[in-house]
Number of protein chains: 2
Amino acid sequence: MTASHEFDTDTALDRIDDDRYAAQVTDRWGALGPPVNGGYLLGIGVRALQQTLDRPDPLVVSAFYLRPGQVGSAEVTVDLVRPGSRFTTGQASILQGGKETLRVLANFGDLGAHDGRTHVEDDPPDLPSPERCVDLTQGRSFPGLSLVDRIDYRVPVSPGWVTGTPSGKPCAEFWMRFSDGREPDTRCLPSLVDAGWPVVMELGVRGSSTVELTAHVRARPRPGWLACRVRTRYLMDGMHEEDFEIWDSAGTLVAQARQFAVLA
Amino acid sequence: MTASHEFDTDTALDRIDDDRYAAQVTDRWGALGPPVNGGYLLGIGVRALQQTLDRPDPLVVSAFYLRPGQVGSAEVTVDLVRPGSRFTTGQASILQGGKETLRVLANFGDLGAHDGRTHVEDDPPDLPSPERCVDLTQGRSFPGLSLVDRIDYRVPVSPGWVTGTPSGKPCAEFWMRFSDGREPDTRCLPSLVDAGWPVVMELGVRGSSTVELTAHVRARPRPGWLACRVRTRYLMDGMHEEDFEIWDSAGTLVAQARQFAVLA
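Please read these numbers as outputs of a predicted model, since none were measured by experiment.

The rules behind each value
- Residues numbered from 1 in each chain as written.
- Chains lettered and ligands numbered in written order.
- Predicted model: local features only at pLDDT ≥ 70, side-chain atom pairs only at ≥ 80, totals over all residues.
- Heavy atoms only, no water.
- Helix = DSSP H or I, 4+ residues; strand = E, 2+ residues; numbered from the N terminus.
- Buried < 20%, exposed > 50% of the residue type's maximum accessible area, 1.4 Å probe, protein only.
- Expected span 1.5 Å × (residues − 1).
- Polar contact = N/O pair within 3.5 Å; in protein donor to acceptor, adjacent residues only side chain to side chain.
- Contact = heavy atoms within 4.5 Å.
- Buried area = accessible area lost by both parts, 1.4 Å probe.
- Salt bridge = Lys/Arg side-chain N within 4 Å of Asp/Glu carboxyl O.
- Nonpolar A, V, L, I, M, F, W, Y, C, P; charged D, E, K, R; others polar.
- Pairing = 2+ DSSP bridges.
- Phe/Tyr/Trp six-rings, centres within 6.5 Å; stacked < 30°, edge-to-face > 60°.
- Least-squares fit on C-alpha atoms with pLDDT ≥ 70 in both.
- Core = buried A, V, L, I, M, F, W, Y, C linked by side-chain atoms within 4.5 Å.
- Disulfide = S-S within 2.5 Å.
- pLDDT = per-residue confidence, 0-100.

## Section: unusual backbone geometry
All names here are of chain A.
Stage number 1. The residue Asp-54 is not glycine, and still its phi comes out positive at about 60 degrees.
Stage number 2. The residue Asp-54 is located in the loop between helix H2 (38-53) and strand S3 (57-65) in this model.
Stage number 3. Take Asp-54: its relative accessible area is 67%, and that puts it in the exposed class.
Stage number 4. Even without being glycine, Asp-237 reaches a positive phi, approximately 55 degrees.
Stage number 5. By secondary structure assignment, the location of Asp-237 is in the loop between strand S13 (234-236) and strand S14 (239-247).

Written out as structure tokens, the structure reads:
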């Protein structure tokens, strides 16, 4: 990880004082609807927490989206809530134009310690290799959808919502990686679990907005492509959860997230 | 719902001023390990938020457990974070002995509005009727485990950890209801998703402590028994998620929760 990679450049912080940072929210992480992808905005908050809490890995990150993020300057305030022996809890707020756009509570710790008590019930997504998959965007750019210029996606077959034939099945499995070769680490994972498309688009809806996102970071990812499994089980009265798993190139679950979202 | 029911009595609040309440944490909701069940403690925070935010239903509740809850007096502070057109976001902290034991961020709204955009992929737990199930505790009391005097559990067969033969399968399906006849509502659901036993006990471990709990409340429950589905898929280095679904007597998903926990 170097400062020259896009994700690191675009989440860079200038320290104002011990618990305040200045950031620039760029237009390079635009999603289908809002000008700023929620995961990218969260990446700024997670980075501020990581710097302040002085623990290497985010373990649990809960983000409440209060207002749409805006391209432009932002201030990040961080509050050390509880320094514990094993975990440290902190809270960060992103303020833009004097208004709070995002509030994050998170526990940080150390995923380098392994105690061996492991029991895994599920397997990684059963995907063809990235080389035998299809480029989601076929190399095209889309107005406002700058996120796809930052992240490469490889799908076994083009999703139904892309080809105008939604499948009726709100789920997806695909590969993902930063386009500029930045390798994954635990800091970027809470952002990447929001970097997919809303799988409810397979139900024919236009899109969906994140209200809250909780990400569990479970292991430090190995270099390489990340395998994603996304699923919505319960759309009820326009509100739904979306579950997002990321598995690394060695077949280890590295992040598990759930968001609560509302249809456009 | 009347004040005479145990859950309501034991989460009652005395208003100190506009954003502070006094509460008494009782010894009537003790779990296997800690003296105070985390879900019960959360119930005090949710009630304070409901009173302050003036919206009927919690929709998303994220709770960070900072220190073990203690039997005795507590102060609850509430912060109105963002009053929105559809949702209102608030934060509550529970303080005991001057220290913060729990911090909660939540969105409240109105689940009485139905827009009809619904697509449900999964079915309720396939359980025999409560009458044909087994009482988990067989009417016995257990020292420190006062929770089972407040809540009735009905299981198809006694779980392996109860009979000393853990199944190796960290999952469970069962019925639950308040013992005193209090009917479920949306306010109690963020508490009830933490009122089961840790299903990792089917792996032979002694127990588990909640670090963070996120609950989505999806619908207002009908009266009657609640059907629960609990599962842990990924125990990794002593840390695990636990997913908890609650379905009402009409077969509607009313709550979906995930917690991040660490083995004892």
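## Regarding H2 of chain A
All names here are of chain A.
Stage number 1. Under the 1.5 Å per step criterion, the end-to-end length of H2 is 22 Å for 16 residues, consistent within 8% with the ideal 22 Å.
Stage number 2. Across the 16 residues of H2, 13 count as buried, placing the element largely inside the fold.
Stage number 3. Looking at where H2 begins, the residue whose side-chain oxygen comes 3.0 Å from the main-chain nitrogen of Gly-39 is Asn-37.
Stage number 4. With its phi angle positive at about 60 degrees, Asp-54 sits one or two positions after the end of H2.

## Some remarks on the interface of chain A and chain B
In many analyses, interface size is given as the accessible surface area lost on bringing the parts together.
Stage number 1. Facing 64 residues of chain A, the contacting portion of chain B comprises 64 residues.
Stage number 2. Taken over both partners, the interface formed by chain A and chain B buries close to 5700 Å², and the fraction arising from carbon and sulfur atoms is 55%.
Stage number 3. Inspection of the chain A/chain B interface yields eight salt bridges.
Stage number 4. In this structure, the salt-bridge partner of Asp-243 of chain A is Arg-258 of chain B, at a minimum N-O distance of 3.8 Å.
Stage number 5. For the interface between chain A and chain B, the tally reads 33 residue pairs in polar contact (both at pLDDT 80 or more).
Stage number 6. A per-element tally of the side of chain A that touches chain B places strand S15 (residues 253-263) of chain A first, with eight residues.
Stage number 7. Broken down by class, the residue content of the side of chain A that touches chain B amounts to 26 nonpolar, 17 polar and 21 charged.
Stage number 8. By the bridge criterion, two bridges tie S13 of chain A to strand S7 (residues 119-120) of chain B in an arrangement that is antiparallel.

## A look at the side chain of Arg-182 of chain B
Stage number 1. As for its position among the elements, Arg-182 of chain B is in the loop between strand S10 (171-178) and helix H5 (189-192).
Stage number 2. A polar side-chain atom of Arg-182 of chain B sits 2.9 Å from a polar atom in the side chain of Asp-185 of chain B.

## Things to note about the packing of aromatic side chains
Residue and element names in this part refer to chain A.
Stage number 1. Counted under the stated rule, the structure contains 20 aromatic pairs over all chains.
Stage number 2. Pairing Phe-7 with Phe-178 gives two aromatic rings, centres 5.4 Å apart and planes at 35 degrees, and the pair type is tilted. Taken together, the residues span a long stretch of sequence, with Phe-7 in helix H1 (residues 6-10) and Phe-178 in strand S10 (residues 171-178) at a distance of 171 residues.
Stage number 3. Under the relative-accessibility criterion, Phe-178 is labelled buried at 5%.
Stage number 4. Seen from their ring centres, Trp-29 and Tyr-40 are 5.4 Å apart, and the 20 degrees between their planes marks the pair as stacked.

## Regarding the pattern of salt bridges
Stage number 1. The full count for this structure, using the stated rule, is 46 salt bridges over all chains.
Stage number 2. Note that Arg-103 of chain B is salt-bridged to Glu-100 of chain B, the shortest N-O span being 2.8 Å.
Stage number 3. One network of salt bridges, in which partners are shared, links Asp-122, Arg-233, Asp-243 and Arg-258 of chain A together with Asp-122, Arg-233, Asp-243 and Arg-258 of chain B.

## So, the environment of Pro-128 of chain B
All names here are of chain B.
Stage number 1. Considering the arrangement of structural elements, one finds Pro-128 in the loop between S7 and strand S8 (134-135).
Stage number 2. Look at Pro-128 and you get partly exposed, because its relative accessible area is 25%.
Stage number 3. In sequence terms Pro-128 and Asp-243 are 115 residues apart; their C-alpha atoms lie 22 Å from each other.
Stage number 4. Among residues more than four places away in sequence, those in contact with Pro-128 are Cys-133, Pro-156 and Trp-175.

## Looking at the relation of the copies chain A and chain B
Stage number 1. Laying chain A over chain B is done by rotating through 180 degrees and shifting 0.0 Å along the axis; what remains is an RMSD of 0.0 Å. Here the two chains are linked by the operation of a two-fold rotation axis.
Stage number 2. The share of interface residues of chain A whose copies in chain B are also at the interface is 100%, consistent with both copies meeting through the same surface.

## Some words on the pairing of strand S5 (residues 88-96) of chain A
Residue and element names in this part refer to chain A.
Stage number 1. The element S5 is largely enclosed, with a buried count of eight among its nine residues.
Stage number 2. In this sheet, S5 lies alongside strand S4 (residues 72-83) in antiparallel orientation, the contact comprising eight bridges. Paired with Val-78 across the two strands is Ala-92, which belongs to S5.
Stage number 3. What sits between S4 and S5 in their antiparallel hairpin is a turn of four residues.

## So, the pairing of strand S9 (residues 151-155) of chain A
Residue and element names in this part refer to chain A.
Stage number 1. The buried count for S9 comes to five of five residues, which makes it a mostly enclosed element.
Stage number 2. With burial as the criterion, each face of S9 is covered, one bearing Ile-151, Tyr-153 and Val-155 and the other bearing Asp-152 and Arg-154.
Stage number 3. Judged from the two bridges that link them, strand S8 (residues 134-135) and S9 form a sheet pairing that is antiparallel. Bridging from a neighbouring strand, Val-134 pairs with Val-155 of S9.

## Considering the nonpolar core
Stage number 1. Grouped together as the largest cluster of nonpolar side chains are 156 residues, with contacts concentrated most on Ile-246 of chain A together with Ile-246 of chain B.
Stage number 2. Apart from residues lying up to four places away in sequence, Ile-246 of chain A is in contact with Met-176, Leu-189, Leu-192, Val-193, Leu-226, Ala-227, Cys-228, Thr-252, Leu-253, Val-254 and Ala-255 of chain A.

## Re the state of the cysteines
Residue and element names in this part refer to chain B.
Stage number 1. Counting across every chain of the model gives zero disulfides over all chains.
Stage number 2. With no disulfide of its own, Cys-171 has Cys-228 as its nearest cysteine by sulfur position, at a separation of 14 Å.
Stage number 3. For Cys-171, a relative accessible area of 38% puts it in the partly exposed group.
Stage number 4. The closest cysteine sulfur to the non-disulfide-bonded Cys-228 is located on Cys-188, 11 Å from its own sulfur.

## Section: the confidence of the model for chain A
Stage number 1. Per-residue confidence for chain A gives a mean pLDDT of 95; residues scoring 70 or more make up 99%.
Stage number 2. The ipTM value of the predicted complex is 0.96, and its pTM value is 0.97.

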